[in-house]
Amino acid sequence: MTQIAPIHVVGGGLAGSEAAWQIAEAGVPVVLHEMRPLRGTEAHKTEGLAELVCSNSFRSDDAETNAVGLLHAEMRRTGSIIMRMGDAHQVPAGGALAVDRDGFSQAVTAALESHPLITIMREEVAGLPPADWDSVIVATGPLTSPALAAAIGQLTGEKELAFFDAIAPIVHFESVDMDKAWFQSRYDKAGPGGTGADYINCPLDKAQYEAFIDALLAAEKTEFKEWEGTPYFDGCLPIEVMAERGRETLRWGPMKPVGLTNRHNPTVKAYAVVQLRQDNKLGTLFNMTGFQTKLKYGAQAAIFRMIPGLEKAEFARLGGIHRNTYLNSPKVLDQTLRLKVEPRLRFAGQITGCEGYVESAAIGGMVGRFAAAERLGREPSLPPVTTAHGALINHITGGHVSTIDEGPRSFQPMNVNFGLFPPLSEPAPNKGPDGERLRGNAKTQARKRVLSARALADFDAWLGGAARGAAA
Ligand SMILES: Cc1cc2nc3c(=O)[nH]c(=O)nc-3n(C[C@H](O)[C@H](O)[C@H](O)COP(=O)(O)OP(=O)(O)OC[C@H]3O[C@@H](n4cnc5c(N)ncnc54)[C@H](O)[C@@H]3O)c2cc1C
């Protein structure tokens, strides 16, 4: 039998552990390089693989109406080691899957250590991986060691590797009240790739603006204590910091009302305007332009719903500012997450612009499968975009719409959510089991059930096809 050359995985966190497992299970040898305990990060405390650095929750386990629950279900179908050990070390948490963090991490470590095709090296990869590693997965996470981050930054160009995320809230389009908001670009400018009506605009009168500023100033903020001393970057000041600098600052910044005419009330000039910019190609998600914030999550939802048009806004994600090393993936990675300028390097986990333990592990699993397929001389097969895995990969590699105008880069990490899925081709049923008409939340839940059923059917078909491909 010919010897199969190993794939190198750098980083034994959630993504790297799952990637190594999937590769080994495909029959390909893996060398997993993890720098702990020789070198630590600001957040990890143990030497275990797949350490959970903060909460012990994998979030909802509901595969019918929750996108992360659906992702769990798909991962279980792939034989995920992260899900298998998560299930085995579950602690009671209602509808969520929470785990005993030490038991979980120890079990993942033991499983990987005892796999005959996995070799674990405790060492930092402190620069570009050696040239003779012809297939590498970089899964070094949000706290990638500085030496490796510098080497990646040199390859991609510094602008394409961020060290922080400054996230503006993202809203589901269907929850915006378009009887109050309207589509228009400032001065109707089309710009490259635009139409002149690319933004959703939400108008505030003077009283609404003053109330909004009062609420911002009074709201609870999270301290930016993660590795203090870091300056705000990219001109991305949090909105509450702008408000602290002066009550009018926002009106001269992201809430400026100029160049816009309220379609619903053309003779009255808005005192301030909040703009939302399309965030994904599907047009299902919009981000609140310039609204990066450190407000606590509870405060954010309440304050943003004070904005006319957003009273019933549903948020795909709330705003935040965190230490986070991640790539401008839609630009620098190809469809199977290879670095375009150096395709022997693939990326996986949070460094690609997904967010969360489960999402990182899921992307790790997929990238492991792609790399293993390639090593075995097969074409990597992408999961359909209708599945949770496929929707997430699509967000990372192509689903995101970049800014229409110049400014800070707009690709930001995201949890899996139904806004990333293509809409249903047929409307979801609008009647319940007893023939009653579904409204509001019941209607939304019914739609999610249909999206989830479509996802699982498509995922099973894809996995079956992938398995047949492997046997061939
Ligand atoms: C402070 C903090 C709190 C978070 N809290 C949560 C939370 O509560 N819930 C949630 O779902 N997500 C959370 N996240 C987000 C994220 O999902 C997790 O960080 C997740 O662990 C990412 O998985 P990963 O595999 O990409 O990275 P990690 O799990 O961080 O794994 C990366 C691994 O690479 C190793 N490494 C780094 N550089 C090198 C190198 N040069 N050579 C060798 N090894 C290297 C690290 O030691 C680490 O083991 C948090 C992130 C941070 C930073």
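Predicted, not measured: the structure shown is a model, and the values here were computed from it.

Colleague: Just to check I follow, could you spell out the packing of helix H1 (residues 14–25) against helix H4 (residues 101–114) for this structure?
Modeller: Packed helices, taken two at a time, are described by the angle their axes make and the gap between the axes. Packing of H1 against H4 brings their axes to within 11 Å, and their N-to-C directions diverge by 35°. By crossing handedness, the relation of H1 to H4 is classed as left-handed. For the pair formed by H1 and H4, the contact residues are Leu14, Ser17, Ala20 and Trp21 on the first element and Phe104, Val108, Ala111 and Leu112 on the second. Counted by class, the contact of H1 with H4 contains seven nonpolar, one polar and no charged residues.

Colleague: Can you walk me through the sheet that holds strand S7 (residues 136–138) in this structure?
Modeller: In a beta sheet, neighbouring strands are held together by backbone hydrogen bonds and run either parallel or antiparallel to one another. Pairing is mixed across the open sheet formed by six strands, whose spatial order is S6-S2-S1-S7-S17-S16. Two strands lie at the open edges of the sheet, namely strand S6 (118–122) and strand S16 (338–339), each paired on one side alone. Across two bridges, the pairing between S16 and strand S17 (residues 342–347) is antiparallel. Within S17, the residue paired with Leu339 across the bridge is Glu342. Against the sheet, helix H11 (residues 357–375) contacts strand S1 (7–10), S7, S16 and S17, and its axis sits at roughly 145° relative to S17.

Colleague: When you look at the site of the ligand in this model, what are you seeing that I'm missing?
Modeller: For the ligand, the set of nearby residues contains 30 residues, the closest of which are Ala15, Glu34, Ser145, Gln350 and Gly356. Met35 is positioned such that a nitrogen or oxygen atom in its backbone is 3.2 Å from a nitrogen atom of the ligand. The separation between an oxygen atom of the ligand and a polar side-chain atom of Arg36 is 2.9 Å. Taken by itself the ligand offers 970 Å² of open surface, and the protein chains cover 90% of this. The set of elements that each furnish at least two residues to the shell around the ligand consists of H1, strand S2 (30–34) and H11.

Colleague: Sorry if this is basic, but what is going on with the side chain of Arg344 here?
Modeller: Of note, Arg344 is situated in strand S17. Taking relative accessible area as the criterion, Arg344 reaches 16% and is therefore assigned buried. A polar atom in the side chain of Arg344 sits 2.9 Å from the backbone oxygen of Trp133. Residue contacts for Arg344: discarding those within four places in its chain leaves Leu128, Pro129, Pro130, Ala131, Trp133, Asp134, Ser135 and Val136.

Colleague: Honestly, empty space enclosed by the protein in this entry has me stumped. Any pointers?
Modeller: Any empty space left between the atoms is revealed when a probe the size of a water molecule rolls over them. One pass over the structure, following the stated rule, counts two cavities of 30 Å³ or more. By volume, the second largest cavity amounts to about 40 Å³. Taken together, Glu18, Gln22, Met75, Thr78, Ser80, Ala361, Ala362, Gly365, Met366, Arg369 and His389 make up the lining of the second largest cavity. Contributing elements (two or more residues each) for the lining of the second largest cavity: H1 and H11.

Colleague: What should I look at first to understand the packing of aromatic side chains in this one?
Modeller: Each aromatic ring pair is described using two quantities: the centre-to-centre distance and the angle formed by the ring planes. Applying the stated rule across the entire model yields 11 aromatic pairs. Their ring planes at 35° and their centres at 6.3 Å tell us that Phe212 and Phe291 sit as a pair that is tilted. Of the two residues, Phe212 is situated in helix H6 (residues 206–218) and Phe291 in the loop between strand S13 (285–288) and helix H9 (297–304); the sequence distance between them amounts to 79 residues. Between Phe418 and Phe421, the aromatic rings sit 5.3 Å apart at their centres with planes inclined by 45°, giving tilted as the arrangement. Across this residue pair, the class does not change: Phe418 and Phe421 are buried. One cation-aromatic arrangement involves Arg251 over Tyr271; the distance from NZ or CZ to the ring centre is 3.8 Å.

Colleague: What's the story with the sheet that holds strand S12 (residues 272–278) in this structure? I'm lost.
Modeller: The strand order across the open sheet formed by six strands is S10-S11-S12-S13-S9-S14, and the pairing between neighbours is antiparallel. Here the strands that pair on one side only, and so sit at the sheet edges, are strand S10 (182–183) and strand S14 (315–317). Pairing analysis gives three bridges linking strand S9 (residues 170–172) to S13, with the strands arranged antiparallel. Along S13, the bridge assignment pairs His172 with Leu285. Each of strand S11 (199–204) and S12 touches H6; the most contacted strand, S11, lies at about 95° to it.

The rules behind the values
- Sequence order sets the numbering: in each chain, residues are counted from 1 along the sequence as written.
- Totals for whole chains, interfaces and linings use every residue, but because this is a predicted model, local features are given only for residues with pLDDT of at least 70 and side-chain atom pairs only at 80 or more, for both listing and counting.
- Each side-chain value is derived from all of the structure's non-hydrogen atoms; neither hydrogens nor water enter the calculation.
- For helices, the axis comes from a line fit to the C-alpha atoms of the stretch in contact; other axes are also lines fit to C-alpha atoms, and the angle between any two N-to-C directions lies between 0 and 180 degrees.
- In DSSP terms, a helix is any run of H or I states spanning at least four residues, a strand is any run of E spanning at least two, and both are numbered starting from the N terminus.
- The hand of a helix crossing depends on one turn: near helix anticlockwise from the far one by less than a right angle means left-handed, and clockwise means right-handed.
- Pairs of residues are marked as contacts when any of their non-hydrogen atoms sit within 4.5 Å.
- When residues are grouped by polarity, Ala, Val, Leu, Ile, Met, Phe, Trp, Tyr, Cys and Pro land in nonpolar, Asp, Glu, Lys and Arg in charged, and all others, Gly among them, in polar.
- Any two strands with at least two DSSP bridges between them are considered paired.
- Here a residue counts as near a molecule or strand whenever at least one of its heavy atoms sits within 4 Å of it.
- Pairs of N or O atoms are called polar contacts if they sit within 3.5 Å, as long as, within protein, a hydrogen donor faces a hydrogen acceptor (for residues adjacent in sequence, only side-chain-to-side-chain pairs).
- Using the Shrake-Rupley algorithm and a 1.4 Å probe, accessible areas are obtained, with residue cover drawn only from the displayed protein chains.
- Note on classification: 1.4 Å probe, protein chains only; a residue is buried when its accessible area is under 20% of the maximum for its type, exposed when over 50%, partly exposed between these limits.
- With a 1 Å grid spanning the protein atoms alone, the term cavity applies to any set of points in which a 1.4 Å probe fits but cannot get out, the term pocket to an open set with protein on both sides within 12 Å along at least five of seven lines, and the term lining residue to any residue with an atom within 4 Å of a point.
- Grid points are joined across faces, edges and corners, and a volume is the space filled by probe spheres set on the points.
- What counts as a ring pair is set by centres within 6.5 Å for rings of Phe, Tyr and Trp (its six-membered ring), and what kind of pair is set by the plane angle: stacked under 30 degrees, edge-to-face over 60, tilted for all other angles.
- Whether a charge sits over a ring depends on NZ of Lys or CZ of Arg being within 6 Å of the ring centre and within 35 degrees of the ring normal.

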